[in-house]
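# What the coordinates show
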Amino acid sequence: MKTVDSAVGCHHGVVLPQGSVKSDWEVELGVVIGTRARYVSEADALAFVAGYCVVNDISEREYQLERGGQWDKGKGCDTFGPVGPWLVTADEVGDPQKLALWLDLNGQRRQTGHTGTMIFGVAQLVSYLSRFMTLNPGDLITTGTPPGVGMGVKPAPVYLKPGDVMELGIDKLGTQRQTVHAWDPALVDG
C-alpha cells in the first residue's frame, strides 16, 4: 500500500527520506480500476480495468526489513510512487500479459522483464483483491517487479543515492525519468 503523498508525476524528482540508506527501484505495471469491483470472478476481472500505466514502486528496504512490522512504511514515503506518463485504456493495450518492461539506473540496464512471467496475472490480482476490499474507479494496483532490483545485486546490493537517474518504461505505456535527491522538504512540498 502507498500513501497519497507517494504518488507523483512520471518525471518528478524522487526525494530520499531523512536517513534513507537502502532505497530501491521497482518498475511495475500499474492497473487502474474503472468500475467499482467487489467479489468479481477472475473471468470477469479485466472488465473492471480502465487502463494501465507505468509505476516506479520505490521502496526503502531498511524501513521494510529492519524496522519490524508491515512493509507499508517503506513503500509510502513522499515521492516514492511516480506514475505515468499516461493512462492507456484497456482496449488500446489488449492483453496486459504481453508487455515488456525495463529500468535503467544511470544508463545501466538493471531490470528487464515481461508481464507474461508475472506470478499473478492482472485478472487474478483484481479478482483476489476485490474479495478483501472494494476497488473503486481510480484505484491503482501495482503488480510486482521483475528481477534486477538493487537489493538483489551481487556481490553487494546497490541502493539509490542523490544524483542517480532512473529511466524506465513498459511497451505501449511510455517511459519515465526521475532524478534522485537528498531530503529537502521544498522538493516534497513544492
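Remember, predicted model here, so these are calculated numbers, not experimental data.

Reading guide: rules and limits
Residues numbered from 1 in each chain as written. Predicted model: local features only at pLDDT ≥ 70, side-chain atom pairs only at ≥ 80, totals over all residues. Heavy atoms only, no water. Pairing = 2+ DSSP bridges. Helix = DSSP H or I, 4+ residues; strand = E, 2+ residues; numbered from the N terminus. Buried < 20%, exposed > 50% of the residue type's maximum accessible area, 1.4 Å probe, protein only. Contact = heavy atoms within 4.5 Å.

### Looking at the sheet that holds strand 10 (residues 108-114)
Pairing in this open sheet of five strands is mixed, and the strands run 2-13-12-9-10 from one edge to the other. Bordering the open sheet on either side are strand 2 (14-15) and strand 10, each of which pairs with just one other strand. Bridge count for strand 9 (residues 100-105) against strand 10 is six bridges, and the pairing is antiparallel. Its bridge partner being in strand 10, L105 is matched across the sheet by Q108.

### Regarding the pairing of strand 4 (residues 27-33)
The element strand 4 is largely enclosed, with a buried count of seven among its seven residues. Neither face of strand 4 is left uncovered, since the one carrying V27, L29, V31 and I33 and the one carrying E28, G30 and V32 both have all their residues buried. With seven bridges connecting them, strand 4 and strand 5 (residues 49-56) associate as antiparallel partners. In the strand pairing of strand 5, V27 is matched with N56.

### So, the environment of V27
Within the secondary structure layout, V27 lies in strand 4. Given a relative accessible area of 0%, V27 falls into the buried group. In sequence terms V27 and G113 are 86 residues apart; their C-alpha atoms lie 9.3 Å from each other. Once you skip the residues sitting within four places of it in the chain, V27 turns out to touch V55, N56, L101, W102, L103, Q111, G144, T145, P146, L168, G169 and I170.

By themselves these figures say nothing about function.
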